[in-house]
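Architecture at a glance
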Amino acid sequence: MSDQLEEDFVNHTTDWINDDTFCQPPHDPEFYNNPYALYRQLHEKPGPVFWQDYQLWCLAGFDAVSSALKDRRFARLPPLDVSASPTPSHLTDFAQVEQHSLLQLEPPDHTRLRKRVNRAFVARQIDSMAPDIEKLVNQCIDEFVDAGETDLLTSLATPVPVTVIAQLLGVPVELKDDLLRWSHDMVKVYTLTQTHEQEVTANQSANEFRACLVDLITHKRQHPGDDLLSLLASSEDVDTVLTDAEIVSVAVLLLNAGHEATVHQFGNLVNTLLTEQCAPRGGFGDLATAKKVINEGLRYDAPLHLFTRYAQVDIEFSSGVTLAKGEQIALLLGAANRDPKRFAEPNRFWPDRPDGDHVSLGAGIHFCIGAALTALELRIMCDTLFKRLPSLELIETPRYRNLFHFHGLETLNVSW
Ligand code: HEM
């Protein structure tokens, strides 16, 4: 770990109200630029800690987070007999689009929908996308290579994942700018700190997104192609026929989840590779090395740090804290990945570590469906970039965006 980071850990002060309750404003720049300083303090506490600003109990340890992700007593939705808070009228379109999202479902509906979507994400299907992804990455690099410098987030990280997921779904690539706008607007609603105005914009974007997809689904039924929307819209398998509303929810989730996190993971990984001494930049051509570097990058600086779960029954922790049925708890994925009880030298980027693992892609029934696709995209983007621009270096130290949940950089300005 760099001396500067070590100093940040020591200097960071969190306001502890008592042994298990703390204040940490999520918009504090010192915090969102380096949430790991807080996590280090959380790891010293024995059980769940209460985050006053979010009014949420949190789990930060690796074992606790990874067990909760797999434990059916914690679910993404409130228990059936505990009524969820009603949808505010300015968010009805957003809620409608979300209604059948895999992330809003539990078995048996989740199982039925996931089985259908899984077909497009089998390894063979994903691997066959490699030549197209490589071509796309090279085209993006061609556009900026003569300039001598670029913001990699804008020129490479943003166009690649959205184009790949649009092609996979069969959404015309010309709609890329609309897709990005709708997605950026919608994901703000997951930050728990969004404004009313942002919610209104997200609702409008959800409405436009749905209208566009409904037209496309109608078209795919008449003219099916070799894409995921056509597959989802077909009725060849009567056991798993999907409604239009279900297809819309699946497509929106794939587009939103499919590019936002990949954009920021690419930024975080390249920043790490350019900052950390001894980080391998040239090993992405070798599959085994690439896998280790990408997995360690996901552990070391993940793009998604907080997911919530509802207790389905009263749950008592060994520290004495009880989570009441229907209460929410935050799972701090970014903290779990740096747990000193699980990882030797947790604050060191160490691709060859003997204890490699992470929870950045979740676990259990909601485990990320795009895990293989994201690994493929990251490998091809890094491999092509470092092969074509081996002298790549940072122009300035990048800063993180003011969005704790979506831990990603504002810009990644590099030269070569
Ligand atoms: C670095 C990139 C990515 C990260 C860090 C990431 C992370 C995650 C995490 C943590 C979850 C579980 C959420 C929970 O349990 O509450 C998840 C689920 C999901 N992810 Fe990803 N993801 C990434 C890329 C992708 C891509 C490329 C796609 C699609 C093309 C995708 C699609 C999904 C879907 C559909 C789910 C919901 C699965 C379900 O509920 O069954 N993700 N992802």
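Structure first, text after, so check above.
This write-up is about the structure you can find in this document. (Residues numbered from 1 in each chain as written. Predicted model: local features only at pLDDT ≥ 70, side-chain atom pairs only at ≥ 80, totals over all residues. Heavy atoms only, no water.)

Focus on the pairing of strand β1 (residues 15–18)
Stated formally: Should DSSP find at least two bridges between two strands, the strands are taken to pair. Helix and strand definitions here come from DSSP, where helices need a minimum of 4 consecutive H or I residues and strands a minimum of 2 consecutive E residues; each element is numbered from the N-terminal end.
Across 3 bridges, β1 lies against strand β2 (residues 21–23) in antiparallel orientation. The residue of β2 that forms the bridge with Asn 18 is Thr 21. Hairpin connection, β1 to β2: the antiparallel pair is bridged by 2 residues.

Points about the side chain of Asp 151
Our working rule: To sort residues, take the accessible area from a 1.4 Å probe on protein chains only and compare it with the maximum for the residue type: under 20% means buried, over 50% means exposed, and anything in between is partly exposed. The sign given to each residue is positive for Lys and Arg and negative for Asp and Glu; His and the chain ends receive no count. We define a salt bridge as a contact between a side-chain nitrogen of Lys or Arg and a carboxyl oxygen of Asp or Glu at a distance within 4 Å. Here a polar contact is taken to be a pair of N or O atoms separated by no more than 3.5 Å, where protein atoms must pair a possible hydrogen donor with a possible acceptor and residues adjacent in sequence count only if both atoms sit in side chains. Residue contacts are counted whenever heavy atoms from the two residues lie within 4.5 Å of one another.
Along the chain, the position of Asp 151 falls in strand β6 (residues 149–151). Of the side chains with opposite charge, Arg 401 comes closest to the buried, unpaired Asp 151, at an N-O distance of 11 Å. A polar side-chain atom of Asp 151 sits 2.6 Å from a polar atom in the side chain of Thr 154. Beyond its immediate stretch of four places on either side in the chain, Asp 151 contacts Thr 411, Leu 412 and Asn 413.

Concerning unusual backbone geometry
Cis geometry is found at the peptide bond from Pro 107 to Pro 108, where omega equals 5°. Residue placement: Pro 108 occurs in the loop between α5 (92–98) and α6 (109–118). Of note, Gln 55 is a non-glycine position whose phi angle comes to about 55°, a positive value. Inspection of the secondary structure assignment puts Gln 55 in the loop between β3 (49–51) and β4 (56–59). Backbone geometry places Glu 345, a non-glycine residue, at a positive phi of 45°. Relative to the elements of secondary structure, Glu 345 occurs in the loop between α16 (333–336) and α17 (371–388). Since its relative accessible area comes to 45%, Glu 345 is described here as partly exposed.

Description of the side chain of Glu 296
Mapped onto the fold, Glu 296 is located in helix α15 (residues 287–300). Residue Glu 296 is classed as buried on the basis of its relative accessible area of 3%. Among all residues touching Glu 296, those that are not within four sequence positions of it are Arg 348, Phe 349, Trp 350, Pro 351 and Arg 353.

Here we look at the pairing of β4
Of the two faces of β4, the one lined by Leu 56 and Cys 58 and the one lined by Trp 57 and Leu 59 are each fully buried. Of the pairings in the sheet, the one linking β3 to β4 comprises 3 bridges and is antiparallel in character. Each bridged residue has a counterpart across the sheet, and for Phe 50 the counterpart in β4 is Trp 57. Where β3 hands over to β4, the hairpin turn is made up of 4 residues, of which Gln 55 adopts a positive phi near 55°.

Considering the coordination of the iron atom of the ligand
Using the following cut-off: Distances up to 2.8 Å from the metal define which N, O and S atoms are donors, and 3.2 Å serves for Na, K and Ca; water is absent from the atom set, so sites may look incomplete.
Exactly one protein atom donates to the iron atom of the ligand; that atom is Cys 368 (SG), 2.3 Å from the metal. Position of Cys 368 among the secondary structure elements: in the loop between α16 and α17.

Topic: α17
For the record, the criterion: By this rule, a helix spans an expected 1.5 Å times one less than how many residues it contains.
Its 18 residues give α17 an end-to-end C-alpha distance of 26 Å, which sits within 8% of 26 Å, the value for a rise of 1.5 Å per residue. Burial of α17 is extensive: 13 of the 18 residues sit out of reach of the surface.

Here's the deal with the site of the ligand
Under the convention used in this document: Any residue with a heavy atom positioned within 4 Å of a molecule or strand is treated as near that molecule or strand.
In the region of the ligand, 30 residues are neighbours, and Arg 76, His 110, Arg 309, His 366 and Cys 368 sit closest. Take His 110: an N or O atom from its side chain is 2.7 Å from an oxygen atom of the ligand. Counting only elements with at least two residues in the shell around the ligand, the list comes to α6, α14 (244–275), β7 (306–311) and α17. Here the shell around the ligand gets 7 residues from one element, more than from any other, and that element is α14.

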